[in-house]
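Breakdown of the fold
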Amino acid sequence: MEIAARTTFLFLFVNLILARRAIVSGAATLSVGVILDLQSLVGKMARTSILMAMEDFYVVHRNYTTKIVLHIRDSNADSVQAASEAVDLLENYNVRAIIGPQKSSEATFVSDLGNKSQVPVISFTATSPTLSSGFVPYFLRATLSDVAQVNCIAALIKGYGWREVVPIYEDTDYGRGIIPYLVDALQEFGASIPYRSAIPVSASRDQIEQELYKLMTMQTRVYIVHMSSSIASTLFTKAKELGMMSEMYAWIVTDGITNIINSLNSSILDAMNGALGVKFYVPKSKELDDFAERWNKRFKQDYPNDSLSQLGTFGLWGYDTIWALAQAAEKVSMVDDISHKQWHRRNSTCFGTMGASAIGPKLLDEILHIKFRGLSGDFDLENRQLQPSIFQIINVVGQGSEEIGFWTAKHGIIRQLDQNGSETTNVNSMPDLSPVIWPGELHVVPKGWQIPTYGKKFRVGVRTSGYPEFMRVERDPITNATTATGYAIDVFEEVLKRLPYAVPYEYVALDNADSRSYNDFVYQVHLGVYDAAIGDITIRYNRTSYADFTLPYTESGVAMIVPVKDDTSKNAWVFLKPLTTDLWFGSIAFFIYTGVVIWLLERRINNAELTGSFFRQLGIAIYFSFFADRERVDSILSRLVVIVWVFVLLVITSSYTANLSSILTVQQLQPTETDVHELIKKGEYVGYHNGSYVGDLLEELGFDRRKIRAYETSDDFADALSRGSKMGGIAAVIHEVPYIKIFLSKHCKGYTMVGPIYKSEGFGFAFPKRSPMVNDFSRKILSITEGDAIIQIEKKWIGDQHACQNDGSIASPSSLNFKSFSGLFLVTGVASTLALLIALVMFLYKNKHRIRNSISRVQTQGGYGSEHADRQNQERELDYIQAQSMQVIVPNDPEDSTWQQEIEISTEFTSPGSEVQPSPVFASRETPDNSLFRIHP
C-alpha cells in the first residue's frame, strides 16, 4: 500500500510539471471526447461540422494559448457502447469535456459519468425532456428540448379544428419523452389522444405495416410522427403504399425529422408529400450561406459514397458547440488540471478508478457564461440548454419542403417575419399560413377523422322505449338481425342522409333492457360497447361525465298532465260579466253627459219634444242617448253629436253581445291543478313513468316518497288520473314534454298540459367523450329541427299537434275594460264638448249688440260720478238695488201652444241706509228671434 501511494504521488507530480511546462511553452491543450453514431446521417453531418469548426476557430483565434484536442468515438447506435467509449475517454485519455452522445438513451448514462467525474457533457442532438433534470448539473444541451415544439404543434391542431390526434413515436426515451407534454398541451383546448402508437426501434417493415393497418381501423386521421429519420423513412413508405398519404389524412412531423428533411432520400420525400413539419428557425446570413457551400464540398470529400446531403440544424449546433467550448477552454487555467484519482494501468475502463476533474467546475461555469451569435443564431447555455425562440412551419412538397409560416410564443402562428427577425402582429384565430398542399395534392383542410369503410361497422346502441312511438327494437329470429323503428330512428337516419360522408352502421340492442336504466345504457358507450347510443335519452348533467351529447332533437322540459274542468259560472248576474266595473261606470257617465249636451243644444232652438217640467226634459234628453236614431233632433250640432254617439254605442253593444254569448255558450275548460307546489301542500298523489329520472326529481322538489307512484303506460296514467288522488289514483302526472305529447295524442279529451315546471335539455344522441362526430351530428340535427322534416316525423309518430284543443294553455273569455274603448270615449267626449262650445260662441255672436250697449251704458253712468256727489249716491243705490223680472212660458197642453202662463219673479236689492223702493221689472218672454234669454233695461 505504501509503495502504491508513493507511485500515485509521483504520477501526479510529474503530470503537474508537464502541464506547467506546456503552458510556459504556449502549447497547452484540453482533451475533448466526441461520441457520435458515425453510421447515421446525423452523425456524419455532425462530424463534418465539428472538424470544420475546429479549423475555422483557430484560424480566427491564432493567439489562443489553449487548444482543444478531439477524440472522436463511434457509439454504433448502442447505449452500452456509448457508455464504454465515455469511460475509456475519461480513464485513458483524460478528457475534460465530452461532446455527445447522439441519442437521448445514450446521454442518460454518459451524463451520470460526467456528473461523477465533474466533466461537462454537451449534447447537441439529445432532445428528450427527461435529460433536463437538476440531478445532472454537468449535462448541457446545445439544442432545444422536445418540449419547446409542443406548443407549436398544439397551435396547428387547434387552428385546424382537429379534436383528436394519434402520436406515432419510436419506443425509446427520445420518443416517449414528449408524450406527457403533448397530452397536456392538447388538453388545454379540448383535444385528446385516443390511441398511442409506439414503434419499437427493431420493428420490421411487416410490423410497421401491421400497426398502420390498425390505425386505419380507427376514426382518427391526424398523426404526429416523432421518431428518428431511419424509422420514419420506413413508416412513410409503408403509409403511402397503404393509401394513408391521401385525402382525409393529416401528418405532422417533429423537428427530429424536419431538421434534416432536405437530406432525406427523394423516394422518402415523395412518400411524405403533403405532411406538415415544425423545425427550429435559423436566421439567414451571409456567413451561413458561405459555410453551407463549404460544408457541402467537405461532406462530399468525407463521404464520397453517400448521396448528396444538405447542411441541417444539427450540424450548425455542432459547429457552434465547438466554438463555445474553445472559448471556455481559453479562459480556464490548465495549471490546475489535475485529476484526483488513483493510478491504474493503461487501457482500463474500471469505474472505480475515475476521479474528479480539477478544472471541471471552472470549465462548466465558463461554458454557461459564453454568449455569442453563431451560425444557428444566438448561442446561450445559461439555463443548461438553448432557449426556444421561433419555430418554422414547413410543408413537404415535391422533392423538398416549403416554408408556410412561423410560430412564436408571443404571437402564435404567423405567416411572415420582418427583415429584423422580430414578430409581426398579424394574428388570427385560424392558422395564418401560406396555402398548404395536403396529402393527395388537395388544398382542402382534412377534417381529421373518418368512419372506416372496412372492418367492423359503426355500432349504434338501441333499446325499446316505454313509448314505442319513440323507439321499438325487434330481433329477427331467423337472421338474428336487429331492427329499430320510431321517432328517434327516423331522426337518426335523416341525419345520416345529410352527412357529407357515408357511415356504415348496424343496430345493437341492449341486453336485458327491461332491468337496466338509461344511465347504464349511456355508460355502455363509455365502455366501448357502442360507438353511439340513440333513443329517448335525456341529456342530463351526470351523464355528460362519461359521454358527449348532440344538440336535442325534441322540445325540452318537464311538465304536468292534469284533468280539466268546466269553469263557467252561469248565475243571475252573469250579464254583468262581459264588461268590467270601470267600463260600466264610464259608459253611464258618458250616457248622462251626452244627454245633457243634446238637451242644451235642443233647448236653445225650442225643440217641441223638450216640453214640460225640468226633470221631464232632462229625462227626454238622456233618452236621446239610448234611442237617438228614433227621436227627432233639430239642431245640426245635435245631429253631429248623435252620429258619433250612435257609432260608439254600436261598437259597445256589439262587443257586449259577443262576449256575453261566448260566456254563456262556450265550454271553458280549466286545469284542476296549476302549481306543483300546491300539490305538495295538499299532499296529493302524483305519478311518473317507471324507470325515469323524474322520480328522483320529484323527491328533490319536496314530494313525499309515499305520494309518488310509478306507472308503465299512458293508459295506466289515464286510469289513475280519472280516479283521482282520493280514490286510489293521482292528481297529476309529472312527465317530460315529448312523452306528454304522445299521451295527449291518445287521451286528448279531459286532460291538458301545465308547465313546463322544470327545465331539462330534451332528448339527444350519446357519443364517446370528445368524439368528432358530435359536432357534425349536432349541426345536422339543427338543420332538421329548423325545417319541415321534424314536423313530418312528428306527424308520423305522434300525430297532429293542433288536433287536441286541450294541449297547452287554456284561457277563458276575459271581460272588456274601459281601456279597450278609451279611444271611442275620447272621440265622443270631444265631439260633444266641441258642439257645446260652438253653440255658446254662436249665442254670444248673435247678441253682441245688446251686450255692447249694456257695457256702454254702464261706462257712461260711471263718467259723471266725479262731478256731482248726489249722482254718486244714486249710482251707489243702483249698484245695491237691482230688479229682475223673468217670465218663463210653459205650454200646459202640447197641442195648444197658444195658451201660456206667465210667471213674474221680482227680486229687490236695497242698499244699506236707503228706503225700500219698487224695483224695475225685467221681463222675459219668447220673442220671434227664438232667443232663450232676453234682458230688458
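Residues numbered from 1 in each chain as written. Predicted model: local features only at pLDDT ≥ 70, side-chain atom pairs only at ≥ 80, totals over all residues. Heavy atoms only, no water.

Some details on the sheet that holds strand E8 (residues 222-226)
Here we have eight strands laid out as an open sheet, ordered E7-E6-E8-E9-E10-E15-E16-E17, and mixed in their pairing. Where the open sheet ends on each side, the last strands, each with one partner, are strand E7 (197-199) and strand E17 (412-414). This sheet shows a mean twist of 25° between the axes of neighbouring strands, independent of strand direction. Of the strand pairs in this sheet, E8 and strand E9 (residues 250-253) are connected by four bridges, and their pairing is parallel. Pairing of Val225 across the sheet is with Val253, part of E9. Sheet strands touched by helix H9 (residues 229-241): strand E6 (166-170), E7, E8 and E9. Its angle to E9, the strand with the most contacts, is close to 170°. (Pairing = 2+ DSSP bridges. Helix = DSSP H or I, 4+ residues; strand = E, 2+ residues; numbered from the N terminus. Axes fitted to C-alpha atoms, helices over the stretch in contact; angles between N-to-C directions. Contact = heavy atoms within 4.5 Å.)

Remarks on empty space enclosed by the protein
Under the defined criterion, the tally for this structure stands at three cavities of 30 Å³ or more. Roughly 50 Å³ of internal volume is contained in the second largest cavity. Around the second largest cavity, the lining residues are Phe470, Tyr487, Thr554, Glu555, Pro738, Lys741, Glu794 and Ile798. A breakdown of the residues in the lining of the second largest cavity according to their chemical character gives four nonpolar, one polar and three charged. (1 Å grid on protein atoms, 1.4 Å probe; cavity = no way out; pocket = protein on both sides within 12 Å on 5 of 7 lines; lining within 4 Å. Points joined across faces, edges and corners; volume = space filled by probe spheres on them. Nonpolar A, V, L, I, M, F, W, Y, C, P; charged D, E, K, R; others polar.)

Observations concerning the nonpolar core
By size, the foremost hydrophobic cluster in this structure holds 89 residues, and its most contacted members are Ile68, Ile157, Leu186 and Ile393. The element contributing the most residues to this core is helix H13 (residues 313-330), with eleven residues. Excluding its chain neighbours within four sequence positions, the residues that come into contact with Ile68 are Leu30, Val32, Met54, Tyr58, Ile322, Ala326 and Ala329. By size, the runner-up hydrophobic cluster in this structure holds 53 residues, among which are Val495, Leu496, Val503 and Leu744. (Core = buried A, V, L, I, M, F, W, Y, C linked by side-chain atoms within 4.5 Å. Buried < 20%, exposed > 50% of the residue type's maximum accessible area, 1.4 Å probe, protein only.)

Here we look at the sheet that holds strand E21 (residues 505-509)
Across the sheet, five strands lie side by side as E21-E18-E22-E30-E23; this open sheet has mixed pairing. Every other strand in the sheet has two partners, leaving E21 and strand E23 (548-549) as the edge strands with one partner each. Note that strand E18 (residues 458-462) and strand E22 (residues 532-538) share two bridges and pair parallel. In the strand pairing of E22, Gly461 is matched with Ala533. The sheet strands contacting helix H16 (residues 518-527) are E18, E22, E23 and strand E30 (763-767), and the helix crosses E22 at an angle near 155°.

Geometry only, nothing functional implied.
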